[in-house]
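Residue-level listing of the chains:
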Amino acid sequence: MAEYNLWVKYNLQEVWVYSMYGLDGMEQEGMAESGRKQKCAAEDSIGQDGEAAVRAKQCESFAECRESLQEAGIQVVNLKKALSEGATPRRNTLFVTDAPQVAKKLLTANLPVLGILLKENEDASFSGVQYLAEGWESITPSYLEKVYRRCCGLPWQILETKRCILRESIEADVDAFYQIYAEPSITAFMEDLFADREEELRYMTAYRENMYEFYGYGIWSVVLKETGEVIGRAGFDMRAGFAEPELGFVIGVLWQGRGLAEEVCRAILRYGEEELGFTKVQALTEQENTASLALLEKLGFVLDGAYEEMGKEYLRYIREWLS
């Protein structure tokens, strides 16, 4: 397989939609074609009626959005119609609306909500709604899955390699981290975990909120496909005083010597370039850490100089992509 594949396993089962502009009432069959015809008719008939053209474009965008969700196996439900028929949402449901007042009611009921920003509601307030999308055309199945996971406190799935899966770390991973970091060779060149497990759990919760949610990336958990075990951590972090994201990685001693660190790091670097738009990444390591130095050179990093932090000297390596 390629160095990585985006790992998309949908937990989201249903999207309940409410549109105060009637888009959710479009007939399911032939929606995209209907939207395109409305758009063409509006453009051909007027010189003219800008509102008609905007309306037709919205219909087309909504129809295409709905089709893409259905192709991904995510059911789209008309919220107003479903409630009138006494239907109840499944457990794995996200509510999507372009109506601010409806969004507020859903939030009051502690339901996961995505607000849609349109020209027609640009003066309205989606106060309290944490996630907003610019128009129906910006919605994709993977985007909704990410919003749903954020709303429900679930980790994002990042990517998969031939042998590993990378996902955001969660509090349940902490025990596996303690087992990995118990090896002296691991903490010889990296900061140890907190001695107090409860303090480490609090740190993990804060990291998820402050790093993953703010940057959209971070240091992720490495899961071995064969067994489902958490075998390490790898990803991008931000170090104070530097503009470039920093590659970090650790694979537990039990799983070393199999080329897993190289496999995972190559995938992460490609992901950083293709999905995150990075053009330059750094990595810092101590001169005595010969295994990491060798891997960085394999990955295409070049020595940029030395860096001192808290009385310890590090070698700074840089990996750049030509534009």
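Anyway, here's the lowdown on the structure attached to this text. (Residues numbered from 1 in each chain as written. Predicted model: local features only at pLDDT ≥ 70, side-chain atom pairs only at ≥ 80, totals over all residues. Heavy atoms only, no water.)

1. Considering the overall build of the protein chain
Moving on, step 1. Scanning the protein chain from terminus to terminus reveals ten helices and 14 strands.
Moving on, step 2. In the protein chain, buried positions account for 46% of the 323 residues.
Moving on, step 3. The long-range share in the protein chain, meaning contacts at least 24 apart out of those at least 6 apart in sequence, stands at 63%.
Moving on, step 4. When the accessible surface of the protein chain is split by element, carbon and sulfur atoms take 48% of a total near 16900 Å². (Helix = DSSP H or I, 4+ residues; strand = E, 2+ residues; numbered from the N terminus. Buried < 20%, exposed > 50% of the residue type's maximum accessible area, 1.4 Å probe, protein only. Contact = heavy atoms within 4.5 Å. Areas by Shrake-Rupley, 256 points an atom, 1.4 Å probe, with all protein chains shown as cover.)

2. Side note on the packing of aromatic side chains
Moving on, step 1. Evaluation of the coordinates by the stated rule reveals 13 aromatic pairs.
Moving on, step 2. Ring centres of Tyr203 and Tyr207 lie 6.1 Å apart, and the angle between their planes is 35°; on these two criteria the pair is classed as tilted. Placement of both Tyr203 and Tyr207 in helix H8 (residues 197-215) is noted, with a separation of four residues, approximately one turn of the helix.
Moving on, step 3. Seen from their ring centres, Phe236 and Phe278 are 5.1 Å apart, and the 90° between their planes marks the pair as edge-to-face. Separated by 42 residues along the polypeptide, Phe236 in strand E10 (residues 230-238) and Phe278 in the loop between helix H9 (260-274) and strand E12 (280-285) bring together distant segments of the chain. Each member of the pair, Phe236 as well as Phe278, is classed as buried.
Moving on, step 4. Among the aromatic residues, those joined into a cluster by ring pairs are Phe214, Tyr215, Tyr217, Trp220, Phe236, Tyr271 and Phe278.
Moving on, step 5. Geometry around Trp156 places Arg150 over its ring, the cationic atom sitting 3.9 Å from the centre. (Phe/Tyr/Trp six-rings, centres within 6.5 Å; stacked < 30°, edge-to-face > 60°. Lys NZ or Arg CZ within 6 Å of the ring centre and 35° of its normal.)

3. Focus: the sheet that holds strand E6 (residues 132-134)
Moving on, step 1. Pairing within the open sheet is parallel, and its five strands lie in the order E3-E2-E4-E5-E6. The sheet terminates laterally at strand E3 (75-78) and E6, the two strands that pair on one side only. In this sheet, neighbouring strand axes are inclined to one another by 25° on average, regardless of whether the strands run parallel or antiparallel.
Moving on, step 2. In terms of strand pairing, strand E2 (residues 14-18) meets strand E4 (residues 93-97) through five bridges, oriented parallel. Across the sheet, Val17 pairs through a bridge with Val96, a residue of E4. (Pairing = 2+ DSSP bridges. Axes fitted to C-alpha atoms, helices over the stretch in contact; angles between N-to-C directions.)

4. Considering H9
Moving on, step 1. For H9, built from 15 residues, the straight-helix expectation of 21 Å at 1.5 Å per residue is met to within 8% by its first-to-last C-alpha distance of 21 Å.
Moving on, step 2. Here H9 has its buried residues at Leu260, Glu263, Val264, Cys265, Ala267, Ile268, Leu269, Tyr271 and Gly272. (Expected span 1.5 Å × (residues − 1).)

5. Re the pattern of salt bridges
Close approach of charged atoms allows side chains with opposite charge to pair.
Moving on, step 1. Under the criterion given, the structure shown has 18 salt bridges.
Moving on, step 2. Residue Arg270 pairs with Glu274 through a salt bridge whose shortest N-O separation is 3.8 Å. Linking Arg270 with Glu274, this pair stays in helix H9, spanning four residues, or about one helical turn.
Moving on, step 3. Its relative accessible area of 33% is what places Arg270 among the partly exposed residues.
Moving on, step 4. A cluster of three or more residues bridged by salt bridges with shared partners is formed by Glu244, Lys280, Asp304 and Arg316. (Salt bridge = Lys/Arg side-chain N within 4 Å of Asp/Glu carboxyl O.)

6. Structural notes on the state of the cysteines
Moving on, step 1. The final tally for this structure, using the stated rule, is zero disulfides.
Moving on, step 2. As a non-bridged cysteine, Cys152 has Cys151 as the owner of its nearest cysteine sulfur, 6.3 Å distant. (Disulfide = S-S within 2.5 Å.)

7. A look at the nonpolar core
Moving on, step 1. Grouped together as the largest cluster of nonpolar side chains are 51 residues, with contacts concentrated most on Trp220, Phe236, Leu247 and Phe301.
Moving on, step 2. A total of seven residues in this core trace back to one element, the largest contributor, which is H9.
Moving on, step 3. The next biggest cluster of nonpolar side chains, apart from the first, holds 22 residues, and it includes Leu23, Cys65, Leu114 and Ile116. (Core = buried A, V, L, I, M, F, W, Y, C linked by side-chain atoms within 4.5 Å.)

8. Some points on the packing of helix H6 (residues 174-181) against H8
Helix-helix packing is described using two parameters, namely the angle between the two axes and the distance between the axes.
Moving on, step 1. It is the contact of H6 with H8, at a shortest axis distance of 11 Å, that shows an interaxial angle of 115°. For the crossing formed where H6 meets H8, the hand is right-handed. Residue-level inspection shows Val174, Asp175, Phe177 and Tyr178 of H6 in contact with H8, the latter providing Arg197, Glu200, Leu201 and Met204.
Moving on, step 2. Looking at side-chain class alone, the contact of H6 with H8 contains five nonpolar, no polar and three charged residues. (Left-handed = near helix turned anticlockwise from the far one by under 90°. Nonpolar A, V, L, I, M, F, W, Y, C, P; charged D, E, K, R; others polar.)

9. A closer look at the environment of Met238
Moving on, step 1. The residue Met238 is located in strand E10 in this model.
Moving on, step 2. Considering only alpha carbons, one finds Met238 and Tyr215, 23 residues apart in sequence, at a separation of 9.4 Å.
Moving on, step 3. Apart from residues no more than four positions distant in its own chain, Met238 is found in contact with Met211, Tyr215, Tyr217, Ala243, Glu244 and Pro245.

10. Comments concerning the pairing of strand E14 (residues 312-320)
Moving on, step 1. Across six bridges, E12 lies against E14 in antiparallel orientation. Its bridge partner being in E14, Val281 is matched across the sheet by Arg319.
Moving on, step 2. Here strand E13 (residues 302-309) folds back onto E14, and the loop between the two strands holds two residues, one of which, Met310, carries a positive phi near 50°.

11. Brief notes about the side chain of Arg150
Moving on, step 1. The residue Arg150 is located in helix H5 (residues 141-152) in this model.
Moving on, step 2. Ignoring any residue separated from it by four or fewer positions in sequence, one finds Arg150 in contact with Tyr131, Trp156, Glu168, Tyr212 and Glu213.

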